[in-house]
Amino acid sequence: METRLRSTEEQLDQSKNQSAVLEVRLRVSERRLEEQETGSSADILVQLKSTEAQLVQLKNHTAVLEVRLRVSEKILEDLKNENSELVSKLRARETQLEDQKTTNINMETRLRSTEEHLDQLKNQSAVLEVRLRVSERRLEEQETGSSAQFSWMESRLTDEQRRTAEFETQLSAVTFRLNVTKELLDDLKKQSLAGAAELASLSERLTAAQGNTEDEVKVAFSAGLTDSGIVGPFDEETTLIFSKTITNVGRGYNSSAGVFTAPVTGLYFFSFTAADYLKGYMGLYLYRNEQQVTFSLDLNDHGGYASMTSAVALQLDRGDRVRLALPASYRLYDDSRNFSVFSGFLLFPV
């Protein structure tokens with residue numbers, strides 16, 4: 001476009017030069033015309049027509065040049081607009097270039113920071129290498145002493161094996177004692193059953209001796225202590241609740257309170273068996289109402305299961321209450337085999 005513009009401007013200059021030449025020629029012609037006024041009119045007319053024709057051609061040529069000039073000016077205006085756009089784009093490019101320069105400066109700053117950090121890491125690596133050498137030296141020293149530690153550990157292992165053998169011996173002894181205890185427990189159960197049988201036989205004999213009939217009042221009860229195992233010790237004296245009712249003829253025994261209430265006035269016979277399996281004292285109080293009647297005591301000095309049995313005959317009025325109480329710090333044992341039992345029955349009314 002710039003080349004075309006230059007070409008148009010050159011043509012415009014040439015047209016201007018030609019117009020100037022034509023004007024000069026026109027003046028010369030006019031001067032000649034004035035000089036030749038005295039000449040023939042025909043020649044003058046011919047020359048005038050020729051001059052007018054040349055002038056018309058010159059005007060036409062000038063009009064063409066003006067049209068071409070307008071086109072050139074329009075093209076020039078378009079070129080100016082394009083140049084303006086190019087200038088705007090150039091400025092935008094320059095702005096981008098400035099931004100890129102700023103970014104490059106920032107990148108250089110970060111690069112310097114990274115290089116400094118890298119130097120620090122190198123220094124740290126050097127320190128770590130020194131520490132690693134020290135650790136390796138210590139490890140070598142520890143490996144030198146590990147043989148002595150290994151010997152000490154072997155000695156400890158030998159001691160542990162010896163102690164294990166001793167423990168196995170003790171375990172065998174405990175197993176033997178457990179078997180003996182089991183045998184004693186079976187014997188105790190047999191004794192309890194025998195005592196119950198004797199008690200039943202005694203009751204039958206007493207009943208027969210008194211000549212009781214079916215129409216007389218019949219009162220008898222037996223109750224086991226618990227299925228839960230150990231009972232006690234307590235911080236204070238505690239009434240024992242024999243909760244497992246075995247027999248309760250006449251409904252005189254209350255298994256919820258552990259108390260027997262005499263339904264009729266008469267002579268009653270009470271007995272109880274108490275058991276435990278730890279060394280120490282076993283003992284029970286027997287109360288009539290709030291009056292202590294007996295205190296039964298026994299010492300389990302060998303460990304393992306042991307029991308004691310006691311009995312008493314009491315004359316009771318109707319409504320009198322009888323119960324057993326465990327002294328403070330004492331304990332008993334019972335389970336589903338009924339080692340601890342409280343029993344009583346009416347011998348005869350009074």
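Residues numbered from 1 in each chain as written. Predicted model: local features only at pLDDT ≥ 70, side-chain atom pairs only at ≥ 80, totals over all residues. Heavy atoms only, no water.

Taken residue by residue, a regular strand's side chains alternate between the two faces of the sheet. Within strand E11 (residues 321-326), five of the six residues are buried, which leaves it mostly tucked inside the rest of the structure. Alignment of strand E6 (residues 259-261) against E11, held across three bridges, turns out to be antiparallel. The residue bridging Thr-261 from the neighbouring strand is Arg-321, located in E11. Pairing between strand E8 (residues 280-288) and E11: four bridges, direction antiparallel. Within E11, the position partnered with Leu-286 by the bridge is Leu-324. (Buried < 20%, exposed > 50% of the residue type's maximum accessible area, 1.4 Å probe, protein only. Helix = DSSP H or I, 4+ residues; strand = E, 2+ residues; numbered from the N terminus. Pairing = 2+ DSSP bridges.)

Let us look at unusual backbone geometry. Of the consecutive residues Gly-232 and Pro-233, the connecting peptide bond is found in the cis state with omega at 0 degrees. Along the chain, Pro-233 falls in the loop between strand E2 (229-231) and strand E3 (238-239). The phi dihedral of Asn-289 is positive, around 55 degrees, even though this residue is not glycine. Relative to the helices and strands, Asn-289 resides in the loop between E8 and strand E9 (291-300). Of note in the backbone geometry, Asn-338 takes a positive phi value of approximately 60 degrees without being a glycine.

Here the focus is helix H1 (residues 2-35). The α-helix advances 3.6 residues per turn, and as a result positions three or four apart in sequence lie on the same side. The end-to-end C-alpha separation of H1 is 49 Å, in line with the 50 Å expected for 34 residues at 1.5 Å each. Taken as a whole, H1 has its buried residues at Leu-5, Leu-12, Ser-15 and Ser-19. (Expected span 1.5 Å × (residues − 1).)

Let's shift gears to the sheet that holds strand E1 (residues 220-224). Pairing within the open sheet is antiparallel, and its five strands lie in the order E4-E1-E13-E7-E10. For this open sheet the edge positions go to strand E4 (244-249) and strand E10 (306-316), each flanked by a neighbour on one side alone. Averaged over all pairs of adjacent strands, the angle between their axes in this sheet comes to 10 degrees, without regard to strand direction. Strand direction decides the pairing type here: E1 and strand E13 (residues 341-349), joined by five bridges, are antiparallel. Residue pairing for E13: Ala-223 is matched across the bridge by Phe-342. (Axes fitted to C-alpha atoms, helices over the stretch in contact; angles between N-to-C directions.)

On to the packing of aromatic side chains. Summed over all chains, the structure comprises 18 aromatic pairs. For the pair Phe-221 and Phe-270, a centre-to-centre distance of 6.4 Å together with 55 degrees between the ring planes defines the contact as tilted. Of this pair, Phe-221 sits in strand E1 while Phe-270 is found in strand E7 (residues 266-276), placing the two residues 49 residues apart along the sequence. With respect to class, Phe-221 is no different from Phe-270; both count as buried. (Phe/Tyr/Trp six-rings, centres within 6.5 Å; stacked < 30°, edge-to-face > 60°.)

Scanning the model with the defined rule gives eight salt bridges in all. In this structure, the salt-bridge partner of Asp-227 is Lys-244, at a minimum N-O distance of 2.7 Å. Of this pair, Asp-227 sits in the loop between E1 and E2 while Lys-244 sits in strand E4, and the two are 17 residues apart along the sequence. Between Glu-290 and Arg-321 there is a salt bridge, with its nearest N and O atoms 3.9 Å apart. With Glu-290 in the loop between E8 and E9 and Arg-321 in strand E11, this pair connects stretches of sequence that are 31 residues apart. The exposure class assigned to Arg-321 is partly exposed, which follows from its relative accessible area of 31%. Residues participating in the shared-partner salt-bridge network are Asp-227, Lys-244 and Asp-334. (Salt bridge = Lys/Arg side-chain N within 4 Å of Asp/Glu carboxyl O.)

Turning our attention to the side chain of Arg-331. Secondary-structure assignment places Arg-331 in the loop between E11 and strand E12 (332-334). A polar contact of 3.0 Å, which involves the side chain of Arg-331, links it to the side chain of Asp-276. Other than its neighbours up to four places away in sequence, Arg-331 contacts Ile-230, Val-231, Gly-232, Pro-233, Asp-276, Tyr-277, Leu-278 and Leu-326. (Polar contact = N/O pair within 3.5 Å; in protein donor to acceptor, adjacent residues only side chain to side chain. Contact = heavy atoms within 4.5 Å.)

You can see Ser-271 is positioned in strand E7. The contact partners of Ser-271, leaving out residues within four places of it in the chain, are Leu-199, Ser-310, Ala-311, Val-341, Phe-342 and Ser-343.

Formed by 30 residues in total, the largest nonpolar core has its most connected members in Phe-260, Tyr-268, Phe-270, Leu-284 and Phe-342. The set of elements that each furnish at least two residues to this core consists of E1, E7, E8, E10, E11 and E13. Of all the elements, E10 adds the most residues to this core, at five residues. What Phe-260 contacts, discounting residues up to four positions off in sequence, is Val-219, Phe-221, Gly-252, Tyr-253, Tyr-268, Phe-270, Leu-316, Asp-320, Arg-321 and Val-322. (Core = buried A, V, L, I, M, F, W, Y, C linked by side-chain atoms within 4.5 Å.)

Our focus in this paragraph is the confidence of the model for the protein. For the protein, the mean per-residue pLDDT works out to 82, and 89% of the residues sit at or above 70. Confidence drops under pLDDT 50 across residues 211-215; counting only partners more than four residues distant or on other chains, this segment forms four contacts. (pLDDT = per-residue confidence, 0-100.)

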